[in-house]
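Structural characterization, general
Spelled out from the first residue to the last, the chains are:
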Amino acid sequence: MRKLDNWLDSFIKYTEHLEAPDIFFFWTGVSTIASVLRRKAYYDMGYFPWSANFYIILIAPSGVCTKSTVLREGTKLLRKLPDITLGPKTLTWQSLLPALGEAAIERFLPGGETTAESCISFSSTEFGTLLKMNDEDLVTVLTDLWDGADEEFTKRTIGKGLEIAYNPWINIIAGTTPKWVAENIGESKIEMGFTSRCIPVYADQKRRFVENPKEEIAKLGPAFKLLEADLIGDLKEISTLSGEFTRTGEARAWGIEWYERLHSDIPARRALADFDGYLSRKQGHLYKIAMVLNAARTSSMVLELEDVVRAAALLIQTEKDMNKVFKKIGDSDNIKYTNEIQRYLELRENGRIPQAELYKLFLLRFGMTKDDFLRLVDSMIAAGLIASKQRGDIVYIEGAANE
């Protein structure tokens, strides 16, 4: 029997005497619910299921938003539940399959059949400690496992022979800084598809200043411990959910319209042109989030209009985080932008493009400010790579050799 109207709202209330922003606690709550749903609750797409696992990255300047405190509140509640496997603080390609093997449990299916599955949730205050991005084999496997397909995961080693994990499922939440992202997640990881499966959550300000949280909690008296107990109790109830999430007629109609709009909204797609992989997985992200939102407030396992609409709004919010964080990757010397301008000129039959049109493209694709764009153009002119010429009322950018 549920005690709370909405587990996510109550979790934010429970943590209100900590300084980190609400958005960090919200997504920590999402990851916490996902950790108890595991792969036994899913949204069926016919050819494949989506289960509510995430790769959530909380990103903030060092020391500003107390990411470690946020993450500990989620794992603290998970440790109160049985059968929830929390992974180690560091992960390597060599250690992944043994960890999945240790997490294996047998689950009963309708009709009396059983299946084996290996579900692990990772929570790390430092993403770079949990996962080394230069471990290409591990990154490739995590990219593949996000989809949650029903399959065996095998690896042959010299010492142990063939190792097998059945129906592996991995959920990750970790913290890091914008500097670490820029230095460690290169364009190859974007092209490989790893970042398209991540949800970046950015913040750079505390929600409030709290000199001593213990004194604030003391003012609440027994109500604080009661809320904690209700959070744990409801989390146990959520952990019993099993089977297929369906959706109402309203949610279905909205989902069809949203999907068609996703693939026909050209300006929106241009704005995320570097994240084509993300766009192709956005529907998956939406229904993974919608399942968690639904499970936070009801055990019906029927997605309603409010679940899918809110999930879409949350994705729009995280897309802004992508532009704030991932766009910085590899662009410190403007080589990428320089190559893009030269490519645009080569595609033009006359080798020139109106400056205003070029800026519009850079604004939509890279979120570049006008001042930064003009500085880039001036630098390329000074280097002799391009020329700026007035033709009538229009200023054109041309190749330097253009007559």
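Attention here is on the structure that accompanies the text. (Residues numbered from 1 in each chain as written. Predicted model: local features only at pLDDT ≥ 70, side-chain atom pairs only at ≥ 80, totals over all residues. Heavy atoms only, no water.)

Scanning the protein for helices and strands turns up 17 helices and 14 strands. With 403 residues in all, the protein has 51% of them scored as buried. Across the protein, contacts joining residues at least 24 apart in sequence account for 75% of those joining residues at least 6 apart. By element, 51% of the accessible surface of the protein is carried by carbon and sulfur atoms, the whole surface being about 19200 Å². (Helix = DSSP H or I, 4+ residues; strand = E, 2+ residues; numbered from the N terminus. Buried < 20%, exposed > 50% of the residue type's maximum accessible area, 1.4 Å probe, protein only. Contact = heavy atoms within 4.5 Å. Areas by Shrake-Rupley, 256 points an atom, 1.4 Å probe, with all protein chains shown as cover.)

For the structure shown, the criterion picks out 14 aromatic pairs. Their ring planes at 10 degrees and their centres at 6.2 Å tell us that W50 and Y287 sit as a pair that is stacked. Linking W50 in strand β2 (residues 49–51) with Y287 in helix α13 (residues 276–297), this pair joins segments that are 237 residues apart in sequence. Summarising the burial analysis for this pair, W50 and Y287 share the class buried. By way of ring pairs, the aromatic residues Y337, Y344, Y359, F362 and F373 are connected into one cluster. (Phe/Tyr/Trp six-rings, centres within 6.5 Å; stacked < 30°, edge-to-face > 60°.)

With that settled, the discussion passes to empty space enclosed by the protein. Per the stated rule, a full pass over the model turns up two cavities of 30 Å³ or more. Along the wall of the largest cavity there are 14 residues; nearest its centre are S31, T75, L78, S123 and I173. Broken down by secondary-structure element, the contributors of at least two residues to the lining of the largest cavity are α2 (22–37), α3 (67–78), β5 (114–124) and β8 (168–176). Along the lines of polarity and charge, the residues of the lining of the largest cavity split into five nonpolar, nine polar and no charged. Of the volumes computed, that of the second largest cavity is approximately 40 Å³. As for the second largest cavity, its lining consists of R38, D83, T85, A103, I105, E117 and C119. Class assignment for the residues of the lining of the second largest cavity results in three nonpolar, one polar and three charged. (1 Å grid on protein atoms, 1.4 Å probe; cavity = no way out; pocket = protein on both sides within 12 Å on 5 of 7 lines; lining within 4 Å. Points joined across faces, edges and corners; volume = space filled by probe spheres on them. Nonpolar A, V, L, I, M, F, W, Y, C, P; charged D, E, K, R; others polar.)

Remember, this is a structural readout, not a statement about activity or role.
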